[in-house]
Amino acid sequence: MKSIGSSKILFLFILPALVFLLLFFVYPLIRLVLLSFGEQEFTLDNYVRIISTPLYISVILNTIKLSIIVTAICLVIGFPVAYLLARLPENKASILFIFILIPFWTNLLVRTYAWMILLQSTGLINNFLEQIGILKQPISFMYNLIGVTIGMVYILLPFMIFPMYSVIKKIDNNLISASLNLGASPIQTFLKITLPLSKGGIGAGSLLVFILSMGFYITPTLMGGLNDITISMVIAQQVNAVGNWGFASALAMILFVLIVLMTIVYNYSFRIERIWGG
Amino acid sequence: MKKLLMSIISLGIVSILLIVILASCSKKEETTLVIATYGGAWEESLRKAIFKPFEDSTGIKINTSVHTSDFAKLKAMVESKDVIWDVVDVEGDVHARAVKAGLVEPINYNIVDSKPLLPEAIDSNGVGIVIWSTAIAYSEKAFPNGKAHPTNWAEFWDINKFPGKRGLRKDPYGTLEFSLLADGVNKDSLYPLDVDRALRKLDKIKKQIIWWETGDQQPQWLASGEVTVSSAYNGRIWAARAYDNQPLAIELGQGMMDIEWWIVPKGSKKRDVAMQFIAFASRSLYQQNIPKYISYGPVNKDAIEKIDIKLLSELPSAPRNFNKQFLANVEWWANNKDRVLEKWNKWLLE
């Protein structure tokens, strides 16, 4: 496989993807970088403005906080599901997969609006709880952190489950049997064998969910409350409502750099490249 | 594998050819005009009142494209010199920003007759289409006949007298004006806006506010009882009542009027046809048709005179309504939005 001839053919195969990325990702990214340093002449004004305005710092911190919350909840909910999927016989697992995939294939906006119908103060959940007498006053599930979190966790969960599933699936069952045979309790086995061997999947899933959360726009905009302002919302304001594209680019660059840094740290601590097949 | 590669390459070639063919086709068609509008019921009304008669009398076909306050798309189009919109229908603030950014062709008033138009609707870079209003809407379920409802912004702010959640736009545009009116500022001395004062007044009802972002949320929330009173577009409330039989009403007093504009993007390849269209659309004969389909007020004075009294009473540009409201100062917003947004966002985060 490592002969020169085959690697040339392999290169031909990646060529379309490479050209596509260069044209539609790398080139615009370079333009974005240039734009963030001033449209006419070089200036650091945009970056100085971000760093010197407490508002933008708190928006960035807010976005990171939201992303961490969403990632943590996805992990807690997603791990048992991934574990179950990996341990079930194929035919049963595939039925469960359908339940994960169908919402995953449904349009993001549709799903967000569906949640809004359920969660609003005159919505299904509140109505039901009031009918059966548990609630006197409707609970506000929407237009606050709860709403955004529910919406985002629901949408991002598959991105957590799939990488974890693929890693847990690869764990050799004999290791678990051996551990149990040698007298370890199920909990010990889980903590000492299953969990360490799933580390890569946990890392990859968390990273994916975290990155996607950082740039999430629709759900926080529609379901978020007043103070759930994320960096992508500020970027959209600058692009559309203000028309200051230089400043919008600078904000986008900050987001980009944050995500790249995060990826490096994650990669280093979880050795994710193993999951991508490296 | 070679087969796969070949099929990928041929697919690529075919699609490139297809694009070239499509592109050359659209260049050949000289007799179409592309108009970008906000879509929905509004475009439907424009089609019946203006587009259809224009097509019938000139033989020029109108294709529409929907945009969502797409200042960004307009800017990208003009800057890349690839203008595919010949005429764009924009809100006042988009108009002012587009003019400021140099994205708009001047209007040729040798072709467009400005004499019968309201002076507010004449601009060197745009011609008004209609006047609409953002005002106090309420549900008649919450305030049945005979029961007093909020009639001005001070009462809108009065949570004790009129309990219930308030709907306001999650944007400083308009919301700050209403807040200042509630605080006792005269409608003629609103601008330049005292942003800090407006935010302080908003603090008083911050917990009672549910923030809308799109026009469809206004009638929806009022009808479902999510809010009892809301700032809302008069056309949306009118449509919810007329078409969906929702028990909603709107109080135009102290409303903020906005002018909707026709603009021609800079570098449009069909500038002359575009001017011809705008001239056609501004005539009283077609202007007076608009309120039959949507309750927006014509800007042509002759048209206003011809509309029957009952219909007229609901239109923002009817003389007796016009004077009760104020016109949004979009130039002020174009120059200050960036600064105001920073304060606004900070206030939201507090």
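Within each chain, residues carry numbers counting from 1 in the order of the written sequence. Ligands are numbered from 1 and chains lettered from A, in the order in which they are written. With pLDDT at 70 or above as the cut-off, local features in this predicted model cover only qualifying residues; side-chain atom pairs require 80 or more to be listed or tallied, and sums for whole chains, interfaces and linings still use all residues. Side-chain numbers come from the whole structure's heavy atoms, not from hydrogens or water.

Colleague: Explain the overall build of chain A to me, please; I cannot follow it from the model alone.
Modeller: Scanning chain A from N- to C-terminus turns up 12 helices and zero strands. Here a helix means four or more residues in a row that DSSP labels H or I, a strand means two or more in a row labelled E, and each is numbered from the N terminus. The secondary structure elements of chain A, listed N-terminal to C-terminal, are α-α-α-α-α-α-α-α-α-α-α-α. If you line up chain A on its principal axes, its C-alpha atoms span 75 × 70 × 30 Å. In chain A, which comprises 278 residues, the share counted as buried stands at 40%. Across chain A, the fraction of contacts at a sequence separation of at least 24, relative to all contacts at a separation of at least 6, is 72%. We get accessible surface area from the Shrake-Rupley algorithm with a probe of 1.4 Å; when it comes to residues, only the shown protein chains can shield them. Here chain A displays about 15,500 Å² of accessible surface, and carbon together with sulfur accounts for 73% of that area. Side-chain charges of chain A comprise 15 positive and 8 negative groups, with the mean position of each set lying 14 Å from the other. With a 1.4 Å probe rolled over the protein chains alone, any residue whose accessible area is under 20% of its type maximum counts as buried; one over 50% counts as exposed, and the rest are partly exposed. Whether two residues touch is decided by their heavy atoms; if any such pair falls within 4.5 Å, the residues are in contact. Only four residue types enter the charge count, namely Lys and Arg as positive and Asp and Glu as negative; His and the chain termini do not. Here the site of a charge means NZ on Lys, CZ on Arg, CG on Asp, or CD on Glu.

Colleague: How should the nonpolar core be read in this particular structure?
Modeller: A general tendency of soluble globular proteins is for nonpolar side chains to be buried together. In this structure, B:Trp42, B:Ile50, B:Trp262 and B:Phe277 are the most contacted members of the largest nonpolar core, which totals 77 residues. Three or more residues apiece are contributed to this core by two domains, here domain 1 (32-131 + 259-326) and domain 2 (134-256 + 332-349) of chain B. The residues touching B:Phe277, leaving out its near neighbours within four places in the chain, are B:Leu33, B:Ile35, B:Ile50, B:Phe51, B:Phe54, B:Ile62, B:Val87 and B:Trp262. Core analysis: the next-biggest nonpolar cluster, separate from the first, contains 66 residues, A:Met233, B:Val330, B:Trp333 and B:Val340 among them. Side-chain atoms within 4.5 Å are what join buried Ala, Val, Leu, Ile, Met, Phe, Trp, Tyr and Cys residues into a set we call a nonpolar core. What marks off one domain from the next here is an automatic or database domain assignment.

Colleague: Any chance you could explain the packing of aromatic side chains here in plain terms?
Modeller: Residues and elements named next belong to chain B. The pairing test for Phe, Tyr and Trp rings, Trp by its six-membered ring, is centres within 6.5 Å, and the orientation test on the planes gives stacked under 30 degrees, edge-to-face over 60, and tilted for anything in between. Within this structure, the stated rule accounts for 34 aromatic pairs over all chains. Ring plane angle 80 degrees and centroid distance 5.4 Å describe the contact between Trp 212 and Tyr 233, whose orientation is recorded as edge-to-face. Residue Trp 212 is located in strand E7 (residues 209-212), and its partner Tyr 233 is located in strand E8 (residues 229-233); the two are separated by 21 residues in the primary sequence. Judged by its relative accessible area of 1%, Trp 212 is buried.

Colleague: When you look at the side chain of A:Thr63 in this model, what are you seeing that I'm missing?
Modeller: Residue and element names in this part refer to chain A. Structurally, the position occupied by Thr 63 is in helix H3 (residues 54-87). Judged by relative accessible area, Thr 63 falls into the buried class, the value being 1%. Here Ile 231 takes part through its backbone nitrogen, which lies 3.0 Å from a polar atom of the side chain of Thr 63. The contacts of Thr 63, once residues within four sequence positions are left out, are Met 214, Ile 229, Thr 230 and Ile 231. Two N or O atoms count as a polar contact when they lie within 3.5 Å, although within protein this holds only if one can serve as hydrogen donor and the other as acceptor, and sequence-adjacent residues are included solely when both atoms are side-chain atoms.

Colleague: Is there a simple way to explain the interface of chain A and chain B in this structure?
Modeller: How big an interface is tends to be expressed through the accessible area that disappears when the partners come together. With 30 residues of chain A at the interface, the matching set in chain B holds 28 residues. In total, chain A and chain B occlude about 2,700 Å² of area from one another, counting both sides; carbon and sulfur atoms represent 57% of this. Salt bridge, as used here, is a side-chain nitrogen of Lys or Arg placed within 4 Å of a carboxyl oxygen of Asp or Glu. Remark: the boundary between chain A and chain B carries two salt bridges. A:Arg49 is the salt-bridge partner of B:Asp338, the closest N and O atoms lying 3.1 Å from each other. Viewed at the interface, chain B and chain A are joined by 10 residue pairs in polar contact (both at pLDDT 80 or more). If you list the elements that add at least two residues to the side of chain A that touches chain B, you get helix H1 (4-36), H3 and helix H11 (231-242) of chain A. Examining the composition of the side of chain A that touches chain B, we find that seven residues originate from one element, H11(A), more than from any other. By the convention adopted, Pro, Cys, Tyr, Trp, Phe, Met, Ile, Leu, Val and Ala count as nonpolar, Lys, Arg, Asp and Glu as charged, and the other residues, Gly among them, as polar. When the residues that make up the side of chain A that touches chain B are grouped by side-chain class, the tally is 13 nonpolar, 15 polar and two charged. The term buried area refers to how much accessible surface (probe radius 1.4 Å) is lost by two components on association, counted for both of them together.

Colleague: Would you take a moment to explain helix H9 (residues 234-244) of chain B for this structure?
Modeller: When we look at burial in H9(B), the residues that qualify are B:Asn234, B:Gly235, B:Ile237, B:Trp238, B:Ala239 and B:Ala240. Tucked into the core, H9(B) has its buried residues touching strand E5 (126-139), helix H8 (217-224), E8, strand E9 (248-263) and helix H12 (290-293) of chain B.

Colleague: Just checking my understanding: could you explain the domain arrangement of chain B for this structure?
Modeller: Residues and elements named next belong to chain B. Under the domain assignment, chain B is made up of domain 1 (32-131 + 259-326) and domain 2 (134-256 + 332-349). Centre-to-centre separation of domain 1 and domain 2, based on C-alpha positions: 26 Å. Summing both partners gives a buried area of about 1,600 Å² for domain 1 against domain 2, and 57% of it is carried by carbon and sulfur. On the domain 1 side of the interface with domain 2, the three residues burying the most area are Lys 324, Gln 325 and Phe 326, jointly 39% of the side's total. At the boundary of domain 1 with domain 2, the tally comes to one salt bridge. When the shortest N-O distance is used, the salt bridge between Arg 241 and Glu 314 registers 2.8 Å. Linking domain 1 with domain 2 are eight residue pairs in polar contact (both at pLDDT 80 or more), by the criterion used here. Among the elements that take part in the side of domain 1 that touches domain 2, helix H4 (residues 92-100) stands out by supplying four residues, more than any other.

Colleague: Is there a simple way to think about the confidence of the model for chain B in this case?
Modeller: Along the chain, pLDDT gives the predictor's confidence residue by residue, from 0 to 100. Confidence in the prediction of chain B, expressed as mean pLDDT, is 89, and 91% of residues score 70 or more. Two numbers describe this predicted complex: its pTM, 0.79, and its ipTM, 0.74.

Colleague: For this particular structure, what's the right way to read the environment of B:Trp212?
Modeller: Residue and element names in this part refer to chain B. For the pair Trp 212 and Met 257, spaced 45 residues apart in the sequence, the C-alpha separation amounts to 18 Å. Sequence-distant contacts of Trp 212, that is, excluding residues within four places in its chain, are made with Gly 167, Leu 168, Arg 169, Lys 170, Gln 217, Gln 218, Trp 221, Ser 230, Ser 231 and Tyr 233. From its side chain, Trp 212 meets the backbone oxygen of Ser 231 in a polar contact 2.9 Å long.

Colleague: Please explain unusual backbone geometry as it appears in this structure.
Modeller: For residues that are not glycine, phi is negative in most cases, and the peptide bond is trans in most cases. All names here are of chain B. Omega for the bond connecting Tyr 191 with Pro 192 falls within 30 degrees of zero, at -5 degrees, which places this linkage in the cis form. With respect to the helices and strands, Pro 192 occurs in the loop between helix H6 (172-182) and helix H7 (195-203). One non-glycine residue, Lys 81, adopts positive backbone phi at about 55 degrees. Among the secondary structure elements, Lys 81 is positioned in the loop between helix H3 (71-79) and strand E3 (87-90). With a phi close to 55 degrees, Asn 245 is a non-glycine residue in the positive phi region. Tracing the sequence through the fold places Asn 245 in the loop between H9 and E9.

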